[in-house]
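Secondary and tertiary structure notes
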Amino acid sequence: MALKKWATCRKYFLNCIKPKNTILGPKVRASSLKQISSQRLLLSDVSDPGSPFSLSDLSISLADLHVFTRKELILITKNFSKCNYLGEGGFGPVYKGFIEDNLRPTLKAQPVAVKVLDLDGTQGHMEWLAEVVFLGQLKHPNLVNLIGYSYEGQDRLLVYEYMPEGNLEHHLFRRHGAALPWLTRLKIILGAAKGLCFLHEEATPVIYRDFKTSNILLDLDYNAKLSDFGLATDGPDEEKSHVTTCVMGTEGYAAPEYIKTGHLTTMSDVFSFGVVLLELLTGRRSVDNRRHGREKNLAEWARPLLKDHRKLEGIMDRRLEGQYSIEGARKLAALAYRCLSSNPKSRPTMSSVIKTLEPVLELKDIPVGPFVYIAPVQGENECDNVKKNIKELDLDEVRAEEKIEEKEEKIKKVRQRHQKVRRNRHRRKAIGRAIHSDTELYRTLKSSLYS
Ligand SMILES: Nc1ncnc2c1ncn2[C@@H]1O[C@H](COP(=O)(O)OP(=O)(O)OP(=O)(O)O)[C@@H](O)[C@H]1O
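On a predicted model such as this, the values are computed, not experimentally measured, just so you know. (Residues numbered from 1 in each chain as written. Predicted model: local features only at pLDDT ≥ 70, side-chain atom pairs only at ≥ 80, totals over all residues.)

In terms of regular secondary structure, the protein is built from 16 helices and 14 strands. Here the protein holds 451 residues, and the buried ones make up 37% of them. Excluding contacts between residues fewer than 6 apart, the proportion of contacts in the protein whose partners are at least 24 apart in sequence is 70%. (Helix = DSSP H or I, 4+ residues; strand = E, 2+ residues; numbered from the N terminus. Buried ≥ 20, exposed ≤ 12 C-beta atoms within 10 Å, placed from the backbone. Contact = placed C-beta atoms within 7 Å.)

Our next topic: the nonpolar core. Residues Ile-189, Ala-193, Leu-196, Leu-277 and Ala-336 are the most contacted members of the largest nonpolar core, which totals 99 residues. Per-element tally for this core: the top contributor is helix α7 (residues 182–200), with 11 residues. Looking at which domains feed residues into this core, each of domain 1 (2–161) and domain 2 (168–360) gives three or more. Contact partners of Ala-336, with chain neighbours within four places excluded, come to Gly-274, Leu-277, Leu-278, Leu-281 and Leu-306. (Core = buried A, V, L, I, M, F, W, Y, C linked by C-beta atoms within 7 Å. Domains from an automatic or database assignment.)

Not every one of the 22 residues close to the ligand is listed here, only the nearest: Gly-87, Gly-89, Gly-90, Val-94 and Ala-113. Looking at the shell around the ligand, the elements with two or more residues in it are β3 (85–88) and β5 (110–116). Per element, the largest residue contribution to the shell around the ligand is three residues, and it comes from β3. The class makeup of the residues in the shell around the ligand is 10 nonpolar, eight polar and four charged. Counting the residues that make up the shell around the ligand, at least three belong to each of domain 1 (2–161) and domain 2 (168–360). (Near = placed C-beta within 6 Å. Nonpolar A, V, L, I, M, F, W, Y, C, P; charged D, E, K, R; others polar.)

With 11 of 11 residues buried, helix α5 (residues 125–135) lies mostly within the body of the structure. Regarding α5, the residues found buried are His-125, Met-126, Glu-127, Trp-128, Leu-129, Ala-130, Glu-131, Val-132, Val-133, Phe-134 and Leu-135.

With five of seven residues buried, strand β7 (residues 155–161) is to be regarded as a mostly interior element. Direction of pairing for β5 relative to β7: antiparallel, over a ladder of five bridges. Counted as the bridge partner of Val-112 is Glu-161 from β7. Pairing of strand β6 (residues 146–152) with β7 involves six bridges; the strand directions are antiparallel. The partner of Tyr-149 across the bridge, within β7, is Leu-158. Between β6 and β7, which pair antiparallel one after the other, the connecting turn spans two residues, and Gly-153 there sits at a positive phi close to 60°. (Pairing = 2+ DSSP bridges.)

Moving on to the packing of α7 against helix α9 (residues 266–282). Axis separation between α7 and α9 bottoms out at 11 Å; the angle between their running directions is 175°. Overall, the two elements α7 and α9 adopt an arrangement that is roughly antiparallel. Facing α7, whose interface residues are Arg-185, Ile-189, Ala-193, Leu-196 and His-200, α9 presents Thr-266, Asp-269, Phe-273, Val-276, Leu-277 and Leu-280. (Axes fitted to C-alpha atoms, helices over the stretch in contact; angles between N-to-C directions. Parallel < 35°, antiparallel > 145°, perpendicular 65-115°, else oblique.)

Strands sit in the order β2-β6-β7-β5-β4-β3 across an open sheet of six strands; the sheet is mixed. Two strands bound the open sheet, and with one partner strand each, they are β2 (66–67) and β3. In terms of strand pairing, strand β4 (residues 93–99) meets β5 through six bridges, oriented antiparallel. Among the inter-strand pairings, Ile-99 is bridged to a residue of β5, identified as Gln-110. Of the strands in this sheet, β6 and β7 touch α5, which is tilted by about 35° from β7.

Our focus in this paragraph is the pairing of β4. Looking at chain direction, β3 and β4 are connected through three bridges and run antiparallel. Counted as the bridge partner of Tyr-85 is Tyr-95 from β4. In this antiparallel pair of consecutive strands, β3 and β4, the connection spans four residues, and Gly-92 shows a positive phi of 150°.

Along helix α13 (residues 350–360), the positions that sit buried rather than exposed are Met-350, Val-353, Leu-357 and Val-360. All buried residues of α13 project into a common sector of 70° when viewed along the axis, lining one side. Opposite its buried face, α13 presents the exposed residues Lys-355 and Pro-359, each directed more than 90 degrees away. Tucked into the core, α13 has its buried residues touching α7, α9 and α12 (326–339). (Arc of directions from axis to C-beta.)

Bringing the packing of α9 against α12 into the picture now. Relative to each other, α9 and α12 sit at 150°, their axes nearing to 8 Å. Looking at the two axes, α9 sits roughly antiparallel to α12. Along this stretch, α9 crosses α12, giving a crossing that reads as left-handed. Contacts from Val-270, Phe-271, Phe-273, Gly-274, Leu-277, Leu-278 and Leu-281 in α9 reach Ala-329, Leu-332, Ala-333, Leu-335, Ala-336 and Cys-339 in α12. (Left-handed = near helix turned anticlockwise from the far one by under 90°.)

Below, the discussion takes up the environment of Lys-225. Note on placement: Lys-225 falls in strand β10 (residues 224–226). As for Lys-225 and Leu-196, which are separated by 29 residues in sequence, their C-alpha atoms are 9.7 Å apart. The contact partners of Lys-225, leaving out residues within four places of it in the chain, are Asn-142, Leu-143, Val-144, Met-163, Gly-195, Leu-217 and Asp-219.

All right, on to the confidence of the model for the protein then. Per-residue pLDDT for the protein has a mean of 79; in total, 71% of the residues score no lower than 70. Under a pLDDT of 50 for its full length, residues 7–31 has, in the predicted model, 38 contacts with residues more than four places off or in other chains. Predicted confidence is poor over residues 421–451, with pLDDT under 50, and the contacts of this stretch with residues over four places away or in other chains come to 10 contacts. On the interface metric, ipTM, the complex scores 0.98, and its pTM is 0.78. (pLDDT = per-residue confidence, 0-100.)

The backbone of Phe-80 sits at a positive phi, close to 50°, despite the residue not being glycine. Structurally, the position occupied by Phe-80 is in the loop between α4 (70–76) and β3. Within the chain, Arg-209 stands out as a residue other than glycine whose phi angle is a positive 70°. Secondary-structure assignment places Arg-209 in the loop between β8 (206–207) and β9 (216–218).

Take a look at the structure:
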């Protein structure tokens, strides 16, 4: 479900970057580039109207990125084939592709995701540029890796490492398939927190501005990586704030002070982090217009319930079926409460968020239930072969196989029972056992989530 996104203002900047050979003399350009190259290139260095930068200068400053031609991208995505379509966001459609090892000598064979700017959409050149400038320089295990970009005429494309498990939104809110286990949720939110912390701790802090479940991508081990830097901006530290007349972000995640006044700080990201934390705890979406009154907005509705242990239990995601650490849930709820404070100064920094989250992963008071795949925690020592085999298997297939085995087991038991009943007919009647079937589970879910 795509949430309403406010992101139209930057479209005005389409083509505001100077074309290839700017009117500035080569000496002036060279010295400006050198001056900037010692530090991180800021978005304003590139996008301000007086900037000496041209698009071709980007490839000098961001030398690790590959500049792809349209022809190469057609090859990579099999002509943007429908079979390779992964989805679509505010920027435009995204396709899976594969880079063969003979494409370029410096580029290894690998699967990729290619984002194509929709020229009729709400985003434009500035979002593309922000993505290139930020992800071209900021490298961290919890940020998605940008491999390269492309610009030809009005066309703007981005090429990323492929994230096989898609995004968190899909895993958390899908109607079918197993629920995301507690420890996997923790691992994901900790990874995302580390990514956000890295951005905030840059010498010039980066305000991400679009922290939400659909922007948290997952690799095969459920390591979280932030993507979608189209709305990111270089900001001052927590003490100072940007004031913008153009409020951009996604409904349900944006901090109240930012919506009301346009004041933007790293603490606005912390608020959005609190919303995602709530989504992980409750299994509810940040905004659900099918609900009534206050319940439509998750943060508004849930925050007052977080401090009361009994109420917290009542709003925990039912799909977890009680398999979570109660102490951990309480700690996370208290953390979400602080992140969602209406006063930005009362919110914790992302480094303090990480310090709160890490010990929660160690809590062992999780009731043992049926087998669930729990993604290994980063750095955990485990048998490489088993890990590799699990990676190579499609998890949905594993679950399907488990279900078949489960069903076969049930049929076997029912047969045995029937035989026994037949044998003991004179002694007692067979009792119909209530099986909590998947259909029943989905129906319950549907009525609670989507009514
Ligand atoms: N690197 C990637 N690897 C695999 N899938 C990806 C990758 N990047 C994006 N996708 C998928 O492509 C789809 C569109 O993603 P995109 O980031 O453009 O939009 P969004 O975050 O869903 O929405 P919005 O733009 O409104 O924030 C999503 O299903 C996402 O999971």
